[in-house]
2 protein chains.
Amino acid sequence: MTTPSKLALVPFVSVDNMMKLVNKIGPAQMIAEIADYIEADFKRWELFDKTPRVAAHSEEGVIELMPTSDGESYGFKYVNGHPANMARGFQTVTAFGVLARVDNGYPILLSEMTILTALRTAATSALVAKYLAPKGSKTMAMIGNGAQCEFQALAFKTIVGIDTVRLYDIDPDATAKAAKNLAATGLEVISCTSPEDAVAGAQIITTCTADKQCATILTDNMVGAGVHINAIGGDCPGKTELHRDILLRSDIFVEYPPQTRVEGEIQQLDDDHPVTELWRVMLGQAEGRRDDKQITLFDSVGFATEDFSALRYIHDQLAHHDTFVELDMLADPDDPRDLFGMVARAAS
Amino acid sequence: MTTPSKLALVPFVSVDNMMKLVNKIGPAQMIAEIADYIEADFKRWELFDKTPRVAAHSEEGVIELMPTSDGESYGFKYVNGHPANMARGFQTVTAFGVLARVDNGYPILLSEMTILTALRTAATSALVAKYLAPKGSKTMAMIGNGAQCEFQALAFKTIVGIDTVRLYDIDPDATAKAAKNLAATGLEVISCTSPEDAVAGAQIITTCTADKQCATILTDNMVGAGVHINAIGGDCPGKTELHRDILLRSDIFVEYPPQTRVEGEIQQLDDDHPVTELWRVMLGQAEGRRDDKQITLFDSVGFATEDFSALRYIHDQLAHHDTFVELDMLADPDDPRDLFGMVARAAS
């Protein structure tokens, strides 16, 4: 094998290495650190090149590319969503991402992003709740105990300071799985048998179910005054979790309105229904929680800058952790004009 | 390390493995085989999801994502273009690509595409010339002797049957490099000292220069009746190679008009100037070369389907050639809902 120059090599973080990195840093600390990167990037929101995601839809699902750039770095995530996958032994969502330098266009990181997306989604939710949830929130209802559940619980413990999660899922096995995984986290974990039971006494309600159809995970009478709702599951056209009446009683906060109006809970509302952009709240340009009677709703769909922040974080960790391999991904002939000669010489 | 399941693994073709594959198959045969894939895909043009490329422009250059899908497979190429890179020891263009299954969204190939793009660009040019160049063309002028030059010469020898190339570059070192690389190919190689000298007696003129500015590599008086022009270098806004008068005397053939009108030579013409789509010529729905006086012009900019065809070809080769490694790129927990548990268990 010819030895490629250093310029030709791109660090790659595999699933195995991502798991090693999570366990070295600790999942709670890693989520908190990623949240700091996400917050920093939200605070320089106007710098970002915000392209809507590029989606290729098919009968079975969707494949999306989510690019963004802050002018210095460029990142994109490849992510699929195939609801029928699980029944066939595949993941519903898989993802990977790339970070590159804007000044020369060279990729500087290739990373798995299935695990990383779970981390950044939880980090974003808890970061947003830090601004919007009632002060001193201690109890979170967690409706939907799938792949995202434990990451959310840990993020809210670490960043918001909750000490209790009340779990509910239509499948009791999912709840049992989550309760077992959360046993050693220091959280009090209460397994509930109905959504009504789960929301009892909770200051924060997180909905994270995987139904593709419009569902009504929360009905209007389940949401009392002063609650913060963290709505994760409604994230594509035709997929919502909350009854419309809840939306009408809530102050709604979103990542990027043009995307959320198509993909989020607010697809149920008029196109001009008022929403507040999170970056404005974080910069102090818009009000977050106003009083203790107000219902705040984070209509989360996930935005490219959050993936960008997460990739930036992972890239920065490579200086401290040996959790990557280098891939010979970029052709780098000694003479850039002599690509043909480089290939021909490799034969000998 | 945990052993990932087979589903989690994505074959990766590195630069080194791509060079091995080219040398195992032979560059001429590989270009011919890729041309067959490109032709097959042009002939089912209407099946493809043709998204314009998604470009992130900066002062220094551009980073683009070029996705497409035939409904069964999905592919995209990441490619940068940074004209100032070469002076700083980087490649002007680097690329990599991914092929995925549409039915479940799983990537099935990650490949370097700097070399592969050179192969597919040459394959496309020669394939198009098979339809458009004068019958019995034996001599090609090759103006611009950079990274693409030898691939073009070899492609035209193999697919069109030329036996002579007449090389010219403003930098004689580039011509010397190309002449040396082509010495063993069986082509008669003639190094010329002016563009006028290069085009003398040529039935085919290929222009492939790297200037970013609008340039005039060919002036009107250099192009005689009956010639086929293969214009490779004009491929972004503000970058052209041919004098406008040549365009007005030519019948112009393009890959995908909405993209070519922005990026190709025809950006110099009115938006409604008639052009012929290549897929129609290949399917016999439109006329190619009409007579031996006609000037035909392939205004090449490179289209996503050509990368898709090339990725499809490489993927098919993996069954026969051991020129890849498998990357643990997709998280694949035993229970898809137990991503957190998978990460936690990896600690022990």
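Computed from a predicted model, the values in this text were never measured in an experiment. (Residues numbered from 1 in each chain as written. Chains lettered and ligands numbered in written order. Predicted model: local features only at pLDDT ≥ 70, side-chain atom pairs only at ≥ 80, totals over all residues. Heavy atoms only, no water.)

A. Main features of the interface of chain B and chain A. Facing 76 residues of chain B, the contacting portion of chain A comprises 76 residues. Carbon and sulfur atoms supply 69% of the area that chain B and chain A bury against each other, a total of about 6900 Å² over both sides. Area buried by chain B at its contact with chain A is led by B:Gln91, B:Arg337 and B:Phe340, which between them contribute 12% of it. Here chain B is connected to chain A by two salt bridges. If you look at where chain B meets chain A, you find 30 residue pairs in polar contact (both at pLDDT 80 or more). Residue classes in the side of chain B that touches chain A are distributed as 43 nonpolar, 17 polar and 16 charged. (Contact = heavy atoms within 4.5 Å. Buried area = accessible area lost by both parts, 1.4 Å probe. Salt bridge = Lys/Arg side-chain N within 4 Å of Asp/Glu carboxyl O. Polar contact = N/O pair within 3.5 Å; in protein donor to acceptor, adjacent residues only side chain to side chain. Nonpolar A, V, L, I, M, F, W, Y, C, P; charged D, E, K, R; others polar.)

B. Focus on the packing of aromatic side chains. With the rule as written, the count across this model stands at 25 aromatic pairs over all chains. On the numbers, 5.0 Å between centres and 75° between planes, the contact of A:Tyr106 with B:Phe90 is edge-to-face. Taken together, the positions of A:Tyr106 in the loop between β6 (95-101) and β7 (107-112) and B:Phe90 in the loop between β5 (73-81) and β6 (95-101) put the pair across two chains. In this pair, the class of A:Tyr106 matches that of B:Phe90, namely buried. Here B:Tyr37 and B:Tyr313 contribute two aromatic rings whose centre-to-centre distance is 5.2 Å and whose plane-to-plane angle is 80°, an arrangement assigned as edge-to-face. Here B:Tyr313 lies in helix α10 (residues 304-317) and B:Tyr37 lies in helix α2 (residues 27-42), a separation of 276 residues in the sequence. Look at B:Tyr37 and you get buried, because its relative accessible area is 19%. Since its relative accessible area comes to 1%, B:Tyr313 is described here as buried. Taken together, the ring pairs connect A:Tyr74, A:Phe76, A:Tyr78, A:Phe96, B:Tyr74, B:Phe76, B:Tyr78 and B:Phe96 into an aromatic cluster. (Phe/Tyr/Trp six-rings, centres within 6.5 Å; stacked < 30°, edge-to-face > 60°. Helix = DSSP H or I, 4+ residues; strand = E, 2+ residues; numbered from the N terminus. Buried < 20%, exposed > 50% of the residue type's maximum accessible area, 1.4 Å probe, protein only.)

C. Broad picture of the pairing of strand β9 (residues 164-168) of chain B. Residue and element names in this part refer to chain B. Counting buried positions along β9 gives five out of five residues, so the element sits mostly inside the fold. Side chains Thr164, Arg166 and Tyr168 project from β9 onto one buried face, and the interleaved Val165 and Leu167 project onto a second face that is buried too. Following the chain from strand β8 (residues 139-143) across helix α4 (residues 149-160) to the adjacent parallel β9, one finds a crossover that is right-handed. Once you follow β9 into helix α5 (residues 172-182) and on to strand β10 (residues 188-191), the crossover reads as right-handed. (Right-handed = clockwise from strand over helix to strand, strands pointing away.)

D. Structural view of the sheet that holds strand β8 (residues 139-143) of chain A. All names here are of chain A. The eight strands are arranged β10-β9-β8-β11-β12-β15-β13-β14 in an open sheet whose pairing can be described as parallel. Two strands close off the open sheet at either side, each with one partner strand: β10 (188-191) and β14 (276-277). When β8 meets strand β11 (residues 204-207), the two strands line up parallel, connected through four bridges. Across the sheet, the residue bridging to Met142 is Thr206, located in β11. (Pairing = 2+ DSSP bridges.)

E. Local environment of the packing of helix α1 (residues 15-25) of chain B against α2(B). All names here are of chain B. Where α1 meets α2, the axes come as close as 6 Å, and the angle between the chain directions of the two elements is 95°. Classified by the angle between their axes, α1 and α2 sit roughly perpendicular to one another. Here α1 contributes Met18, Leu21, Val22 and Ile25 to the contact with α2, which in turn contributes Pro27, Gln29, Met30 and Glu33. Residue composition of the contact of α1 with α2, grouped by class: six nonpolar, one polar and one charged. (Axes fitted to C-alpha atoms, helices over the stretch in contact; angles between N-to-C directions. Parallel < 35°, antiparallel > 145°, perpendicular 65-115°, else oblique.)

F. Quick look at the sheet that holds β8(B). Residue and element names in this part refer to chain B. Strands sit in the order β10-β9-β8-β11-β12-β15-β13-β14 across an open sheet of eight strands; the sheet is parallel. One side of each edge strand has no neighbouring strand; the edge strands of this open sheet are β10 and β14 (276-277). Two strands pair when backbone bridges link them, and β8 and β9 are joined in this way by five bridges, in the parallel orientation. The partner of Met140 across the bridge, within β9, is Val165. Relative to the sheet, α4 contacts β8, β9, β11 (204-207) and β12 (228-231), its axis offset from that of β8 by approximately 165°.

G. Summary view of the pattern of salt bridges. Residues and elements named next belong to chain B. Throughout the structure, instances matching the rule amount to 38 salt bridges over all chains. One salt bridge connects Arg44 with Asp70, and the closest N-O pair in it is separated by 2.9 Å. With Arg44 in the loop between α2 and β2 (49-50) and Asp70 in the loop between β4 (62-69) and β5, this pair connects stretches of sequence that are 26 residues apart. Arg249 serves as the salt-bridge partner of Asp220, at 2.5 Å between the closest nitrogen and oxygen. Highlighted residues: Asp220 in the loop between β11 and β12 and Arg249 in helix α7 (residues 244-249), separated in sequence by 29 residues. We classify Asp220 as partly exposed; its relative accessible area is 27%. Under the relative-accessibility criterion, Arg249 is labelled partly exposed at 38%.

H. Broad picture of the relation of the copies chain B and chain A. Rotating chain B by 180° and moving it 0.0 Å along the rotation axis overlays it on chain A with an RMSD of 0.0 Å. The superposition of one copy onto the other is thereby described by a two-fold rotation axis. Residue by residue, 100% of the interface of chain B is reproduced at the interface of chain A, so both copies engage with the same surface. (Least-squares fit on C-alpha atoms with pLDDT ≥ 70 in both.)

I. Here's a closer look at the domain arrangement of chain A. All names here are of chain A. Structurally, chain A comprises domain 1 (6-115 + 305-345) and domain 2 (127-302). Distance between the C-alpha centres of domain 1 and domain 2: 27 Å. Each partner contributes residues to the interface: domain 1 has 16 residues there, and domain 2 has 20 residues. Of the roughly 1700 Å² buried between domain 1 and domain 2, counting both surfaces, carbon and sulfur atoms make up 69%. Counting the surface domain 1 buries against domain 2, the share from its top three residues, Phe42, Trp45 and Arg53, is 31%. The tally of links from domain 1 across to domain 2 stands at one salt bridge. For Lys130, the salt bridge identified is with Glu39, shortest N-O distance 3.3 Å. Linking domain 1 to domain 2 there are three residue pairs in polar contact (both at pLDDT 80 or more). By residue number, the principal contributor to the side of domain 1 that touches domain 2 is helix α2 (residues 27-42), which donates eight residues. (Domains from an automatic or database assignment.)

J. Representation of the environment of A:Val301 in the model. Residue and element names in this part refer to chain A. As for its placement among the helices and strands, Val301 is situated in the loop between β15 (295-299) and α10 (304-317). Residue class for Val301 comes out buried when judged on its relative accessible area of 10%. Spatially, the C-alpha atoms of Val301 and Glu265 are 8.9 Å apart, while their sequence positions differ by 36 residues.

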